[in-house]
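Examination of the molecular architecture
Here is what each chain is made of, one letter per residue.
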Amino acid sequence: MNKTYNTIIIGAGVAGMSAAIYLKRAGINFIIFEKEMPGGQVNRTSDIENYPGIVSIKGPDLAMNMYKQILNLGIVLSTENVEKIIKKGKRFTVETSKDIYTCKNIIIATGRRPKKLDVPGEEKYLNHGISFCAVCDGFFFKNKDVAVIGGGRAAIEEALYLSNICNKVTLIHRRDSFRADDNLIESLKSRKNVEIIINAIVKEFIGDETTLTGIKLEINNEEQIIPVAGCFTYIGQIPNTEIFKDIEILNNDNYIVIDRDSETKVPGIYAAGDCCKKQVYQIITAESEGIIAANMIITKENTKK
Ligand code: NAP
């Protein structure tokens, strides 16, 4: 097998897959690595209704459509975990769980992962009542009482999704104002089976030997226990950039800094999507950054010919 490529894409979320589509159509020799399933965070999103041109689509369906598109182009995802990048002159060595590769360009599209609350009981009841994905696990709590923690767009959207399945949804937020569009909040408030608790701090997850049964909150200096069968935490994300610490492309919050060409300060290393420091974290902006990175690489190759 030829282990030298023009470009290596790390991550097959929407940013990485978008870059792959453009590189393939331009005839660039590349490989794309993904350690889990294609689609990344989009797989954890319920209904997407702000993607221009598509009125409404489930996150996993959008991810699958994009995956089919790359398969139709003959692109093969390589299931490998990238462990290290080393710069060697104008080339890079990329070490994965399976092999060592060399390339001229890298597009990092490793996304973000859900942030945890770090309170007692969280580890114990993870996957035993606590989840970070309403689309994946909501059905297990059909007709039961659940809580959603967070006051951002993800929390509100997923609370709406769960209110269609569960008996009762309690949204718990640490402040009294939200980081989501008013229409979403109004929509949530109008649901009869939704309760919103504000200014509430999660102190502990409680339960029996194996299963979550409630959440201990502190509200106005008083403790209160909310009985729930499930809890979905949506309190933001952490970029998946730990393996890039040595190549000096991260800011203090561990996000990758890119310019308007999606390039980092290391020539030849590009980044796209939610692992980057930016203003707008949307599917369409991730796709756009991936496509810009791909086109910069295509232009570089074409101007050499
Ligand atoms: P976010 O906007 O950063 O909101 C995180 C929420 O969690 C905030 O309300 C925050 O409270 C709360 N929080 C953070 N740490 C906490 C802690 N330790 N304990 C309790 N609460 C805590 O995150 P997000 O909702 O995941 O959204 C991230 C980005 O993705 C946003 O730009 C959003 O617009 C975008 N997004 C887009 C879509 C879509 O287009 N369909 C869907 C989902 C998300 P404070 O407000 O007090 O800080």
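These numbers were taken from a predicted model, which means no experiment stands behind them. (Residues numbered from 1 in each chain as written. Predicted model: local features only at pLDDT ≥ 70, side-chain atom pairs only at ≥ 80, totals over all residues. Heavy atoms only, no water.)

1. Regarding the site of the ligand
What counts here: Here a residue counts as near a molecule or strand whenever at least one of its heavy atoms sits within 4 Å of it. Polar contact criterion, stated in full: a pair of N or O atoms within 3.5 Å, where within protein one must be able to donate a hydrogen and the other to accept it, and residues adjacent in sequence count only if both atoms are side-chain atoms. All accessibility values rest on the Shrake-Rupley procedure with a 1.4 Å probe; residue burial counts only the protein chains present in the view. Helical segments are the DSSP runs of H or I of at least four residues, strand segments are the runs of E of at least two, and each set is numbered from the N terminus.
Close to the ligand lie 20 residues; Asn50, Arg174, Arg175, Arg179 and Gln282 are nearest. Residue lysine 115 places a side-chain N or O atom 3.2 Å away from a nitrogen atom belonging to the ligand. Alone, the ligand offers 920 Å² of accessible surface; in the complex the protein occludes 78% of this. In terms of residues, the shell around the ligand owes the most to one element, helix H5 (residues 153–163), which gives 3 residues.

2. Points about the sheet that holds strand E15 (residues 212–219)
The pairing of strands in a sheet happens through backbone hydrogen bonds and is either parallel or antiparallel. To be explicit about the condition: Strand pairing follows a simple DSSP-based rule, namely that at least 2 bridges must link the two strands. Between the N-to-C directions of two axes lies an angle of 0 to 180 degrees, each axis being a line fitted to C-alpha atoms and, for a helix, fitted only over the stretch in contact.
Read from one edge of the open sheet, 3 strands run E14-E15-E16, paired in antiparallel fashion. The open sheet has two edge strands, strand E14 (200–207) and strand E16 (222–227), and neither has a second partner. Each adjacent strand pair in this sheet contributes to an overall mean axis angle of 25°, direction not counted. Bridge count between E15 and E16: 6 bridges; the pairing is antiparallel. By the bridge assignment, isoleucine 219 is partnered in E16 with glutamate 222.

3. Description of the side chain of glutamate 263
We count it as follows: Residues are treated as being in contact if the distance between any of their heavy atoms lies within 4.5 Å.
Considering the arrangement of structural elements, one finds glutamate 263 in the loop between strand E18 (237–239) and strand E19 (269–271). Those residues within four positions of glutamate 263 in sequence are excluded, and the remaining contacts are Val257, Ile258, Gly268, Ile269 and Tyr270.

4. Some thoughts on the pattern of salt bridges
Spelled out, the test is: The working definition used for a salt bridge is a side-chain nitrogen of Lys or Arg within 4 Å of a carboxyl oxygen of Asp or Glu. Whether a residue is buried, partly exposed or exposed follows from its accessible area with a 1.4 Å probe, protein chains only, as a fraction of its type maximum: under 20%, in between, or over 50%, in that order.
As enumerated under the stated definition, the model contains 12 salt bridges in all. Linking aspartate 99 and lysine 3 is a salt bridge whose minimum nitrogen-to-oxygen distance equals 3.2 Å. Of this pair, aspartate 99 sits in the loop between strand E7 (91–96) and strand E8 (100–108) while lysine 3 is found in the segment before strand E1 (4–10), placing the two residues 96 residues apart along the sequence. With its nearest N and O atoms 2.8 Å apart, the salt bridge here joins lysine 168 to glutamate 195. Of the two residues, lysine 168 is situated in strand E12 (residues 168–172) and glutamate 195 in strand E13 (residues 194–197); the sequence distance between them amounts to 27 residues. Judged by its relative accessible area of 30%, lysine 168 falls in the partly exposed class. Judged by relative accessible area, which is 34%, glutamate 195 ranks as partly exposed.

5. Some thoughts on the side chain of threonine 285
If you trace the backbone, threonine 285 turns up in helix H7 (residues 283–304). There is a polar contact of 3.3 Å between the side chain of threonine 285 and the side chain of lysine 278. From its side chain, threonine 285 meets the backbone oxygen of valine 280 in a polar contact 3.0 Å long. Look past the residues within four positions of threonine 285 in its chain and what remains in contact with it is Lys278 and Val280.

6. Focus on helix H2 (residues 59–72)
Which entries qualify depends on this criterion: Here the expected span of a helix is defined as 1.5 Å times the quantity of residues minus one. The directions considered for the arc are those from the helix axis to the C-beta atoms.
For H2, built from 14 residues, the straight-helix expectation of 20 Å at 1.5 Å per residue is met to within 8% by its first-to-last C-alpha distance of 20 Å. For H2, the full list of buried residues reads Gly59, Leu62, Ala63, Met66 and Ile70. The buried residues of H2 occupy an angular sector of 100° when the element is viewed end-on, so they sit on one face. Contact partners of the buried residues in H2: helix H1 (14–25), strand E3 (47–48), strand E4 (57–58), strand E5 (77–78) and H7. Looking at the residues trailing H2, positive phi occurs at glycine 74, about 85°.

7. Regarding the packing of aromatic side chains
To be explicit about the condition: Two rings from Phe, Tyr or Trp (for Trp, the six-membered ring) form a pair when their centres sit within 6.5 Å of each other. Planes less than 30 degrees apart are called stacked, planes more than 60 degrees apart edge-to-face, and all others tilted.
Applying the stated rule across the entire model yields 4 aromatic pairs. Measuring from centroid to centroid gives 6.3 Å for tyrosine 5 and tyrosine 101, while their planes differ by 45°, and the two rings are tilted. Remark: tyrosine 101 occurs in strand E8 and tyrosine 5 occurs in strand E1; sequence separation between them is 96 residues. We classify tyrosine 5 as buried; its relative accessible area is 11%.

8. A word on the sheet that holds E12
With parallel pairing, the 5 strands of this open sheet are ordered in space as E10-E17-E11-E12-E13. The open sheet has two edge strands with one neighbour each: strand E10 (130–131) and E13. The pairing of strand E11 (residues 145–149) with strand E17 (residues 230–233) spans 4 bridges and is parallel. Its bridge partner being in E17, valine 148 is matched across the sheet by phenylalanine 232. This element, H5, spans E11, E12, E13 and E17 of the sheet and lies at about 170° to E12.

9. Quick notes on the nonpolar core
To keep it simple, the criterion reads: The term nonpolar core refers to a set of buried residues drawn from Ala, Val, Leu, Ile, Met, Phe, Trp, Tyr and Cys, joined through side-chain atoms within 4.5 Å.
Counting residues in each nonpolar core, the largest one holds 32 residues, and the members touching the most others are Ile9, Leu23, Ile32 and Ile107. Of all the elements in the fold, those that place two or more residues in this core are H1, strand E2 (30–33), H2 and H7. Examining the composition of this core, we find that 7 residues originate from one element, H1, more than from any other. Once residues within four sequence positions are removed from consideration, leucine 23 is found in contact with Thr7, Ile9, Ile28, Phe30, Ile107, Ala294, Ile297 and Ile298.

10. Overview of the packing of H1 against H2
The packing of two helices is summarised by the inter-axis angle and the distance between the axes. Spelled out, the test is: Here roughly perpendicular refers to angles of 65 to 115 degrees, roughly parallel to angles under 35, roughly antiparallel to angles over 145, and oblique to all remaining angles. Handedness of a crossing follows from how the near helix is turned relative to the far one, being left-handed for an anticlockwise turn of less than a right angle and right-handed for a clockwise one. Classification convention: Asp, Glu, Lys, Arg as charged; Ala, Val, Leu, Ile, Met, Phe, Trp, Tyr, Cys, Pro as nonpolar; all other residues, Gly among them, as polar.
Where H1 meets H2, the closest approach of the two axes is 10 Å, and the angle between their N-to-C directions is 25°. Taken together, H1 and H2 sit at an angle that is classed as roughly parallel. The interaxial crossing formed by H1 with H2 has left-handed handedness. From H1, Val14, Met17, Ser18 and Ile21 reach across to H2, where they touch Ala63, Met66, Tyr67, Gln69 and Ile70. The residue makeup of the contact of H1 with H2, split by class, is 7 nonpolar, 2 polar and no charged.

Honestly, that's just the spatial picture; any functional story needs more than this.
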